[in-house]
Every structure is written in C-alpha cells, then in structure tokens.
Protein chains: 2
Amino acid sequence: MIGLWLEAGRLAIREDLPAPAVAPGEALVRVRLAGICSTDLELVRGYYPFTGIPGHEFVGEVLSAPGADALVGARVVGEINAACGACPTCRAGSPGHCPQRTVLGISGRHGCLAERLALPIANLHPVPDALADEAAVFTEPLAAALVVRAAPGVRPLQPTDRVVLLGAGRLGQLLARSLARLGCELTVLARQPAQRARLEARGIRAVGSAEELAPRSADVVIEATGSPEGIALARRILRPRGTVILKSTYAGRVELDLSAFVVDELTIAGSRCGDFAPALELLASGALDPRDLIEARFPLREAVAAMEAAARPGALKVLVAP
Amino acid sequence: MIGLWLEAGRLAIREDLPAPAVAPGEALVRVRLAGICSTDLELVRGYYPFTGIPGHEFVGEVLSAPGADALVGARVVGEINAACGACPTCRAGSPGHCPQRTVLGISGRHGCLAERLALPIANLHPVPDALADEAAVFTEPLAAALVVRAAPGVRPLQPTDRVVLLGAGRLGQLLARSLARLGCELTVLARQPAQRARLEARGIRAVGSAEELAPRSADVVIEATGSPEGIALARRILRPRGTVILKSTYAGRVELDLSAFVVDELTIAGSRCGDFAPALELLASGALDPRDLIEARFPLREAVAAMEAAARPGALKVLVAP
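For clarity, every value in this text was computed on a predicted model and none was experimentally measured. (Residues numbered from 1 in each chain as written. Chains lettered and ligands numbered in written order. Predicted model: local features only at pLDDT ≥ 70, side-chain atom pairs only at ≥ 80, totals over all residues. Heavy atoms only, no water.)

1. Description of the overall build of chain A
Now for step 1: For chain A, the count of helices and strands is ten helices and 19 strands.
Now for step 2: Relative to its length of 322 residues, chain A is compact, with a C-alpha radius of gyration of 20 Å against a globular reference of 20 Å.
Now for step 3: Projected onto its principal axes, the C-alpha positions of chain A cover 55 × 45 × 40 Å.
Now for step 4: A buried classification covers 57% of the 322 residues belonging to chain A.
Now for step 5: With the model as given, the accessible surface of chain A reaches about 12500 Å², and the carbon-plus-sulfur share is 52%.
Now for step 6: Seen as two clouds, the 34 positive and the 34 negative side-chain charges of chain A have centres 2 Å apart. (Helix = DSSP H or I, 4+ residues; strand = E, 2+ residues; numbered from the N terminus. Rg over C-alpha atoms; globule rule 2.2 N^0.38 Å. Buried < 20%, exposed > 50% of the residue type's maximum accessible area, 1.4 Å probe, protein only. Areas by Shrake-Rupley, 256 points an atom, 1.4 Å probe, with all protein chains shown as cover. Lys, Arg positive; Asp, Glu negative; His and termini not counted. Charge placed at Lys NZ, Arg CZ, Asp CG, Glu CD.)

See below:
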C-alpha cells in the first residue's frame, strides 16, 4: 500500500508498504482523512525514536473487525494507545499508560498517514452520520484539549478561574475554544496577529506579548508553546498556589527554579491524551466546529509536502487524504 | 538583648541587640524555647539573602499585646508569615503568600533565636496549659508536615493511597508520623539505620535504598530530601498520573525531563507552610508526641554550637533556650 515512511529523520512516500498486520482483537481500517500534529513533526526532528508510518489523527472506514461485524463499513475515529489490557496499570483503569502499550504512529505501531491501519477494536468510536470527516478528524486533538478542564492530579477548572493560555497554534486554538466554553475568565497569549484575530472573532481575549499579562494573577496557566520560556512565564503570572498545566512536549531537559515553585506552592501538572467520547459528542452537537482551523489539504502522495506545510510557523491543521 | 546574629554567612552571639521594634497590631514576646530547622541552616549557606536574627520555630510568653490584653502572660506559638492584610492576595485568603509579607527569621523580620521577638497579634496561638514547651515548639514544623495531606492545588491524600516519603530527617520523621496517622500505605526511604529504627519502632515501613522501591507504583511521593536526585527518583517510582509533593527547598536551578512528566501525566506540587490550629490540636491531644525527636538543647549563648549540631548529617531537632 501507499504510505508516508519515516526513517532516521527522513520522510518519503513509499508505494511498497505491506498491508497492516492485524492482531487478534484488532480491526483493519481504511483511512479516509488524516491530520498532522506537532508530535508528528517532533518525531521527524528525532525527539522520539520512531521508524515507520507516522500519523495518529484520522477518520476511517472499518474494513474488517473479527467478532465485531456490525462495525464493518462504519466510519470511525480511534484512540491512539493500544494497551495490553492485563497489566496492573490497565487493570487500574489507565490503559493509556500501559507500559507495554503501542501508540498509533508514535511508538511500536504504524500510523495513519497511509491507506490503511490496524487498531484494537476496543479503541474505535463510530462517527455519527451527520459529522463530516473534516470535523471528525479533530476528535483526537480536541479530546487532548478538553482534558485540561479536569487534568489528572489537579482540581478541575472552575468557571470562576482566571485562566491564561500560552500559545495559539493548532492545539492552542482548540484549547482556547474548549476553555471559553467552560466560561472561565480566559486570556490567550497569541504572538501572531492572525492567531489573535481568530480568537477575538470568537469573543476570546487575546494579547500579543507577555508584558500584557499581569504578574501573580492567574489561577491556572495552560502551557501550549512547548518552550521552557513558557514555563518561566507561567511562574511569573501565576498567583501563589496556582497551577500550570503542561500541554506540550519539551525537547531535552528543562531547568526550573523549583524553590520558587515551593515558596509559592505552585503545582505543575502534565497532561496528554483525553477521552474521545466527550470530544466526539461536542463535535457532533455542532457546538464546537473546528473546520475553520483547516489550513490545507493534501493527497497522500504529497504527504511530505503536507508535513512541510504543517511545520511552517503559525500553520494550523494540515490534512492528508489517501 | 542577647541573640544570634547572621551576617554574610557568619553566625555570632551578640549581647548588644536592640529590643524588637513592635509595630501597631504586634505583640512583644519573650522566647521560652526555639527550634532549629533546615531552612535556618540554608540561610547560613546563603540560599536566601538574610541579615539579622534567624529562627522561626518558638514557644514564647506574651509581654505586651496592645488591644489584646488578655494575651499578656499567655504562652503562645506564632505563624511565621506577617502579611499586610490589605493586598489582593491577603483579601483572597492567602496571607501566607502576601507579596509584602515579612517572615520571622527568614525575610525582613528578626527571628526567634533571641530573648524577645515581635509578631502580629493575629499570628499568635495560645498554647494549652497541658502542652509542654518541648512539644509545642514543634507546632510550626508539624503544621508544615500535616499540610501535605491536603496540599494546595492537588487532590487530598486518601487512606488508600500508596505513599512513598523520601527523606527521614527532622521534617521527614514528622511527615512520616502525619502520614501514618492518615492510614495510607506508607513507605519511607530512610538512608540511615537509626532513622529506619525510629520509624519501624512506630510500625512505619522503612527501606534503606531506592532499589527497594518498586518502579511506577506509588500514587504519591513526598520529596523531603531537597536533592534533585529525589525528584528523579520520584519520577521513577510514581505510577502514571501520580503526584510528587515537594516539601523541601532546592538550591539553585533543577533540571527536569519535563516531557516524561507530560507523557506520564505526573503532577508536581510545591508545599510550604501549614495552618497552626490542627498541629496544635494534634500535639495537645497527645496523639502525636514529637519529643523523642529532640536531639539536644543548648542555652541561647551557645546558639552557634546549636546550629553546628543541627547541621550534622542525620541530626534531629536541636532546641535553644534563652
């Protein structure tokens, strides 16, 4: 089959890829539409070791699902962590953290920037008929955005919270819309005028520079820039006993003045994936329509160019259609 | 008056110190007994700039308290943060984080390693008659230990939590007793045999090396060693979505692999002071008697030697009596 191949930091379209190996309990899925996320770009930059087909945001059609025949022909989206189901972590209800897990297009499992993929049947969620592929393809990043409203380990956000979001890229825009729906007092740091305009058009307050953010005033900061400066800035603008939720990956090791975090009794919480169900419901209801965030759409054979387009500063969502 | 004086990293007993300046709303207190804490030792090492009388753990007798005459003659302990009471942080109910605050013997205010001290009347808590000075002097560190059971920003500890405490020094021993009372499944990493024996005598499980701690298994880690290695170890032994509570000060900047914290969705929470009332109640009830943690007692004129004794590895609580 045709697919994008990543090896030693190089991307290439290959037409000789074998069909996905489908393990017991797994479905074979034809990819209808895929999205590119910053993690895919980081894989290319070598932040994680991965050789194979990248991509983990997709809408597809089930070609085969042994034991779940009703799914065949259904349009689906799919949770990206494929867990063992048997270890203590899985049994404790956290399959997304299974130490034996594979992750679609990220770790130990080929991804969705190809004609077909395999995923456990348990990972699949049927897409309501009324929901277009172009919106459903945002299910995975929207789930990751929604989860900050109740991140693991920290108290859930309150509508009365003063929240500052750092970063207004493709994930930042979804985060901003998720947070605005919560009704909290939201300010977004968006460096680029186009990012600010997009937020302000939805009634979301945006500022262009860190100097416009009051020091020691935010209850919660969502860090979505992926840069260590974002964490230092969060420390400055958080009130004592405030919380910063890390919603990015960070290259290498980051230096922190931890004593300052102790003196101000701040909390740092890492947050990664979210449940698909609430994201899919929100998209299906039409209450959050992400389709204006689509920057470009490429055929699968031009997936290398699609990745380049997604890597441009300020690029929003780039889609790839097999 | 007589007091210990810290200046440019040097300690000396001085007999020519002026009586404390007592501002409106403040009480003058005669120090009956004071304790030495690791923060005092860090002040000497220069981790924070401070010139003056160190010390912040004390039991005293009120000599004067304008407008609160009933307090005169009472034995008291005192909260160490003296807040302005008027700024947004104070009005929000967090006077301990008032940006204009002074802190007894730590920042902008002379401490308790002297004959007398001044503190706001609002900071004082009368000590029940039945509670000995030698136990009441632990109120401040015990309050700081108790607060980890419900640290700011994170969910309160549950009796079902698997908790690992790193460090079994003077604060670690108080932390261990506080946590054991909660009934959680507690393991303490205590490097020294004497520390382990002290814990085991109270039925608290203790291990001597990090290798004895199962990886990815703790719900909560309390870091009370103050070393960056403690944080790296916490990361290894925490289950995904676990929480590490930092209960120490850290010299300089600490390097962290933050991406690992994001992938495992870990939470890092800084915790500092606690409310005095529950600590005082617990001490007064006799349910937690810390007096076996007293290592030595020095007269005020020998406070320099007292500080040296407190700085010895494994030293427990050193008291100073004016």
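Moving on from the model shown.
2. Considerations on helix 1 (residues 38–45) of chain B
For the α-helix, the turn length of 3.6 residues means that residues three or four positions removed from each other point alike.
All names here are of chain B.
Now for step 1: Those residues of helix 1 lying buried are T39, D40, L41, E42 and L43.
Now for step 2: On its buried face, helix 1 sits against strand 1 (3–7), strand 3 (26–36), helix 5 (170–182) and helix 10 (303–311).
Now for step 3: Backbone geometry just downstream of helix 1 places G46 in the positive-phi region, at approximately 90°. (Contact = heavy atoms within 4.5 Å.)

3. A look at the sheet that holds strand 8 (residues 108–109) of chain B
Residue and element names in this part refer to chain B.
Now for step 1: One open sheet accounts for three strands, arranged 6-7-8; its pairing is mixed. Both outer strands of the open sheet, strand 6 (81–82) and strand 8, are each paired with one neighbouring strand and no more.
Now for step 2: In terms of strand pairing, strand 6 meets strand 7 (residues 102–104) through two bridges, oriented antiparallel. Bridge pairing in strand 7 places N81 opposite V103. (Pairing = 2+ DSSP bridges.)

4. A look at the interface of chain A and chain B
Often, the extent of an interface is quoted as the loss of accessible area upon association of its parts.
Now for step 1: Across the contact, 39 residues belong to chain A and 39 residues belong to chain B.
Now for step 2: Counting the surface lost from both chain A and chain B, the interface buries some 3600 Å², and carbon and sulfur atoms represent 52% of this.
Now for step 3: In this assembly, chain A and chain B are joined by two salt bridges.
Now for step 4: On inspection of chain A and its partner chain B, the count reaches 21 residue pairs in polar contact (both at pLDDT 80 or more).
Now for step 5: Only strand 15 (238–246), strand 16 (254–256), helix 8 (258–263) and strand 17 (267–270) of chain A provide two or more residues apiece to the side of chain A that touches chain B.
Now for step 6: Broken down by element, the residue count for the side of chain A that touches chain B peaks at five residues, all from helix 8 of chain A.
Now for step 7: A per-class count over the side of chain A that touches chain B returns 18 nonpolar, eleven polar and ten charged.
Now for step 8: Note: strand 17 of chain A against strand 17 (residues 267–270) of chain B, three bridges, orientation antiparallel. In the strand pairing of strand 17 of chain B, A:I268 is matched with B:I268. (Buried area = accessible area lost by both parts, 1.4 Å probe. Salt bridge = Lys/Arg side-chain N within 4 Å of Asp/Glu carboxyl O. Polar contact = N/O pair within 3.5 Å; in protein donor to acceptor, adjacent residues only side chain to side chain. Nonpolar A, V, L, I, M, F, W, Y, C, P; charged D, E, K, R; others polar.)

5. Topic: the sheet that holds strand 15 of chain A
Now for step 1: On the basis of which strands lie adjacent, the open sheet formed by twelve strands has the order 13(A)-12(A)-11(A)-14(A)-15(A)-17(A)-17(B)-15(B)-14(B)-11(B)-12(B)-13(B) and mixed pairing. The outermost strands of the open sheet, each flanked by one partner alone, are strand 13 (205–207) of chain A together with strand 13 (205–207) of chain B. Put simply, the sheet's adjacent strands are angled 20° from each other on average, direction ignored.
Now for step 2: Where strand 11 (residues 162–166) of chain B meets strand 14 (residues 218–223) of chain B, four bridges bridge the pair, whose relative direction is parallel. Each bridged residue has a counterpart across the sheet, and for B:V164 the counterpart in strand 14 of chain B is B:V221.
Now for step 3: Against the sheet, helix 7 (residues 228–237) of chain A engages strand 11 (162–166), strand 12 (185–189), strand 14 (218–223) and strand 15 of chain A, with an angle of about 150° to strand 15 of chain A. (Axes fitted to C-alpha atoms, helices over the stretch in contact; angles between N-to-C directions.)

6. Some points on the packing of helix 5 of chain B against helix 6 (residues 193–200) of chain B
Residue and element names in this part refer to chain B.
Now for step 1: Running from N to C, helix 5 and helix 6 point in directions that differ by 25°, and their axes come no closer than 11 Å. As the angle between them shows, helix 5 and helix 6 are arranged roughly parallel. Helix 5 and helix 6 meet at a crossing whose hand is right-handed. Listed contacts from helix 6 to Q173, A176 and R177 of helix 5 are Q195, R198 and L199.
Now for step 2: For the contact of helix 5 with helix 6, the residue count by class is two nonpolar, two polar and two charged. (Parallel < 35°, antiparallel > 145°, perpendicular 65-115°, else oblique. Left-handed = near helix turned anticlockwise from the far one by under 90°.)

7. Considerations on the packing of aromatic side chains
Centre distance and the angle of the planes are the two values used to describe a pair of aromatic rings.
Now for step 1: In this structure the tally under the stated criterion is zero aromatic pairs over all chains.
Now for step 2: When the ring centre of A:W5 is taken as origin, the NZ or CZ atom of A:R14, which lies over that ring, is 4.6 Å away. (Phe/Tyr/Trp six-rings, centres within 6.5 Å; stacked < 30°, edge-to-face > 60°. Lys NZ or Arg CZ within 6 Å of the ring centre and 35° of its normal.)

8. A closer look at the domain arrangement of chain A
Residue and element names in this part refer to chain A.
Now for step 1: Domain annotation for chain A reports domain 1 (3–137 + 290–321) and domain 2 (145–270).
Now for step 2: With centres defined by C-alpha atoms, the gap from domain 1 to domain 2 works out at 28 Å.
Now for step 3: Each partner contributes residues to the interface: domain 1 has 16 residues there, and domain 2 has eleven residues.
Now for step 4: Each partner contributes to the roughly 1000 Å² buried at the junction of domain 1 and domain 2, and carbon and sulfur atoms together form 48% of this total.
Now for step 5: On the domain 1 side of the interface with domain 2, the three residues burying the most area are D292, L293 and L316, jointly 45% of the side's total. (Domains from an automatic or database assignment.)

9. Regarding the relation of the copies chain A and chain B
Now for step 1: Its rotation angle being 180°, the transformation that places chain A on chain B also includes 0.0 Å of axial translation and leaves an RMSD of 0.0 Å. The symmetry that links the two subunits is that of a two-fold axis.
Now for step 2: Interface residue correspondence from chain A to chain B reaches 100%, placing this contact among same-surface, isologous pairings. (Least-squares fit on C-alpha atoms with pLDDT ≥ 70 in both.)

10. Notes on the packing of helix 4 (residues 139–146) of chain B against helix 9 (residues 276–285) of chain B
Residues and elements named next belong to chain B.
Now for step 1: Packing of helix 4 against helix 9 brings their axes to within 8 Å, and their N-to-C directions diverge by 110°. Overall, the two elements helix 4 and helix 9 adopt an arrangement that is roughly perpendicular. Viewed along their axes, helix 4 and helix 9 form a crossing whose handedness is right-handed. Two secondary-structure elements touch here, helix 4 through T139, E140, L142, A143 and L146 and helix 9 through F276, P278, A279, L280, L282 and L283.

11. As for the confidence of the model for chain A
Close inspection of predicted coordinates is inappropriate for parts of the model with low pLDDT.
Now for step 1: Per-residue confidence for chain A gives a mean pLDDT of 94; residues scoring 70 or more make up 100%.
Now for step 2: Here the prediction assigns the complex a pTM of 0.89, and the interface score ipTM is 0.85. (pLDDT = per-residue confidence, 0-100.)

12. Considerations on the pattern of salt bridges
Now for step 1: Tallied over the entire structure, the rule returns 38 salt bridges over all chains.
Now for step 2: For B:R14, the salt bridge is made with B:D16, and the minimal N-O distance between the two is 3.0 Å.
Now for step 3: What makes B:D16 exposed here is its relative accessible area of 52%.
Now for step 4: The closest approach of N and O atoms between B:R162 and B:D219, which form a salt bridge, is 3.0 Å. Linking B:R162 in strand 11 with B:D219 in strand 14, this pair joins segments that are 57 residues apart in sequence.
Now for step 5: Owing to a relative accessible area of 8%, B:D219 belongs among the buried residues under this scheme.
Now for step 6: Residues joined in a network through salt bridges with shared partners are A:R177, A:R198, A:R202 and A:D292.

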